[in-house]
Structures are given as structure tokens and as C-alpha cells.
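An overview of the molecular structure
Here is how the chains run, residue by residue.
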Amino acid sequence: MIPPPVAGGARKKAYVYLLKSRQDGTLYLGWTTNTLRRLVEHNAGQSPFTRRKHGWQLVGFETYQTSEQAKVRERALKHSSRMLTFFKKRMLNQAASGG
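Focus on the pairing of strand β2 (residues 27-32)
Here six bridges tie strand β1 (residues 14-21) to β2, and the two strands are oriented antiparallel to one another. Opposite Lys20, over in β2, you have Leu27 as the bridge partner. Hairpin connection between β1 and β2: a loop of five residues separates the two successive antiparallel strands, and Gly25 in this loop has a positive phi of roughly 85°.

Put into C-alpha cells, the structure is as follows:
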């Protein structure tokens, strides 16, 4: 489910991702160019919001061509509770269905 790192000279893609804490089910939204590295950082307590929880798992992600597009999407989701609710539901439903 975690997208592989981009090889060599290929243009880096960016991702808006949703994590879920195994500790209490808390959800966290962020963006990155490397989902595996970012997941490791969250689980190592290197993010202020996520350091208090443990056992973060990647629920789902959206792929973007540039980091700017991912940042804009993350900002839009975090500023619209309605959009964020639909995003979370879609990611959780996709995870539950195995896709």
C-alpha cells in the first residue's frame, strides 16, 4: 500500500496521506514526497502532533505530480471540515475494502 520511492532522475511525486494510531484510533493528515520515510518519522516521535501516540499505520493516500499540489490539497482539507470528513471516510472505506 505504501508507494515505492521514485527511482533516479524521475520526477518526485507528492502524497497527501492519512495515518491512524493503533493506540486510540486518532487520525492524522499530512503531505510528503516519501510516505515510507514519513511513516517511520511519525512512529519515531519526530512529529509534534503524532509523538504522543504510538503505532501509526498508513490508511491511505492521494498522489500528486508536485509537492505544491499536495500542499494545496492538504491545506484545503484541513480548512474544510466537510471536505476532511469525506476524505477520511473515503480513505477508511478503501482501506477496509483492501484497495
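A word on helix α2 (residues 67-79)
Across its 13 residues, α2 extends 18 Å between first and last C-alpha, which sits within 8% of the 18 Å expected from 1.5 Å per residue. Burial in α2 covers these residues: Ala70, Glu74 and Leu77. One side of α2 carries all its buried residues, which in axial view fall inside an arc of 65°. At its buried positions, α2 is contacted by β1, β2, β3 (56-64) and α3 (81-96).

Description of the pairing of β1
Burial within β1 is extensive, with seven of its eight residues counted as buried. With eight bridges connecting them, β1 and β3 associate as antiparallel partners. By the bridge assignment, Tyr17 is partnered in β3 with Phe61.

Side note on the packing of aromatic side chains
With the rule as written, the count across this model stands at three aromatic pairs. Measuring from ring centre to ring centre gives 5.6 Å for Tyr15 and Phe61, while their planes differ by 90°; the resulting arrangement is edge-to-face. Here Tyr15 is found in strand β1, whereas its partner Phe61 is found in strand β3, with 46 residues between them in sequence. Considering the side-chain rings of Tyr28 and Phe49, the 5.5 Å spacing of their centres and the 25° angle between planes classify their relative orientation as stacked. Taken together, the residues span a long stretch of sequence, with Tyr28 in strand β2 and Phe49 in the loop between α1 (35-43) and β3 at a distance of 21 residues.

Conventions we followed
- Residues numbered from 1 in each chain as written.
- Predicted model: local features only at pLDDT ≥ 70, side-chain atom pairs only at ≥ 80, totals over all residues.
- Heavy atoms only, no water.
- Pairing = 2+ DSSP bridges.
- Helix = DSSP H or I, 4+ residues; strand = E, 2+ residues; numbered from the N terminus.
- Expected span 1.5 Å × (residues − 1).
- Buried < 20%, exposed > 50% of the residue type's maximum accessible area, 1.4 Å probe, protein only.
- Arc of directions from axis to C-beta.
- Contact = heavy atoms within 4.5 Å.
- Phe/Tyr/Trp six-rings, centres within 6.5 Å; stacked < 30°, edge-to-face > 60°.

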